[in-house]
Amino acid sequence: MTVPPPATAALPSRTLRTASIVVLAFAAMFLLFGLSMLGAALGPGLEARELVASGRSGTVTDARVHSWSADQQMHSSLELTFTGTDGEQLVAETDHRPEYVRGRSVTGWADEFQGKEQLIGRPVTYLLGDPPTVELTSELPALASGGWGFPHFLGLAFVVIGCGAAVGGLISLHRARRRMTLERS
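Because the structure is a prediction, the values reported are computed rather than measured.

(A) Just the side chain of Lys116, in detail. Here Lys116 lies in helix H2 (residues 116–119). Residue classification places Lys116 among the buried residues on the basis of a relative accessible area of 12%. Within the local environment of Lys116, its side chain forms a polar contact with the side chain of Asp62, the two groups lying 3.0 Å apart. At 2.7 Å, the side chain of Lys116 forms a polar contact with the backbone oxygen of Asp111. Leave out the neighbours within four places in its chain, and Lys116 touches Asp62, Ala63 and Asp111.

Spelled out as structure tokens, the structure:
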């Protein structure tokens, strides 16, 4: 003797509509988070390509390093003072530094640091704007041709999950609205 499968009760149409809206909200969250991750991961490469295409050249006249501690690691950025193509002294900051430049183990700004003498006289490529963009010319090829890494793939995965959730939420919302219309008539 075979036992029939248990009957599954359909969700009420209003409950289905509410669940669909919640799923769409999560889909939007996943999409926005994934797109922002992709934008942050692609940013340095796009910026480097823009500098290669339309940047102006200059020469480093002074530099200082800014070190800070985050996530139990030391991070550093460079503030470059350079002479632009028109002879004007400009100051801009970059997060990309050559391997020979070492930040200090103390947080804050330092005028003297390891590798400073190698930076002075080096060519830079810059774009004026708000904020101005500057990179050492020697660092541009590596930045412009950088491949995809973990943040790229994770951002893409969140976008795909968000799209899938959005499709499922829209289908479910459509079914709920159709049921509500049938219930009214």
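Let us keep going from here.
(B) Structural context of the packing of aromatic side chains. Using the criterion set out here, one finds four aromatic pairs in the structure. A network of ring pairs unites the aromatic residues Phe30, Phe33 and Phe158 as a single cluster.

(C) How the structure looks around the nonpolar core. One finds Leu80, Phe82, Val124 and Val134 to be the most contacted residues of the largest nonpolar core, which totals 15 residues. Among the secondary structure elements, those contributing two or more residues to this core are strand E1 (56–70), strand E2 (73–83), strand E3 (89–94), strand E5 (123–127) and strand E6 (133–136). Val124 has contacts with Arg56, Ser57, Gly58, Thr59, Val60, Leu80, Phe82, Val134, Glu135, Leu136 and Thr137, leaving out every residue within four places of it along the chain. By size, the runner-up hydrophobic cluster in this structure holds six residues, among which are Ala48, Leu140, Leu143 and Ala144.

(D) Here's a closer look at helix H1 (residues 13–54). The terminal C-alpha atoms of H1 lie 57 Å apart, and with 42 residues this matches the ideal 62 Å at 1.5 Å per residue to within 8%. Where H1 bends most, the angle comes to about 45°, and this point is Gly43, followed within four residues by the proline Pro44. Every buried residue of H1 is accounted for by Ser13, Leu16, Ser20, Ala27, Gly34, Met37, Leu38, Ala41, Gly45, Ala48 and Leu51.

(E) Spatial organisation of the side chain of Glu139. By secondary structure assignment, the location of Glu139 is in the loop between E6 and helix H3 (140–144). Sequence-distant contacts of Glu139, defined by excluding residues within four places in its chain, comprise Arg97 and Pro98.

(F) Representation of the pairing of E5 in the model. E5 sits mainly inside the fold: four of its five residues count as buried. Strand direction decides the pairing type here: E1 and E5, joined by four bridges, are antiparallel. Within E5, the position partnered with Gly58 by the bridge is Val124. The antiparallel hairpin formed by E5 and E6 contains five residues in its connecting segment.

Conventions adopted
- Residues numbered from 1 in each chain as written.
- Predicted model: local features only at pLDDT ≥ 70, side-chain atom pairs only at ≥ 80, totals over all residues.
- Heavy atoms only, no water.
- Helix = DSSP H or I, 4+ residues; strand = E, 2+ residues; numbered from the N terminus.
- Buried < 20%, exposed > 50% of the residue type's maximum accessible area, 1.4 Å probe, protein only.
- Polar contact = N/O pair within 3.5 Å; in protein donor to acceptor, adjacent residues only side chain to side chain.
- Contact = heavy atoms within 4.5 Å.
- Phe/Tyr/Trp six-rings, centres within 6.5 Å; stacked < 30°, edge-to-face > 60°.
- Core = buried A, V, L, I, M, F, W, Y, C linked by side-chain atoms within 4.5 Å.
- Expected span 1.5 Å × (residues − 1).
- Bend = angle between axes of the 7 residues up to and from the residue.
- Pairing = 2+ DSSP bridges.

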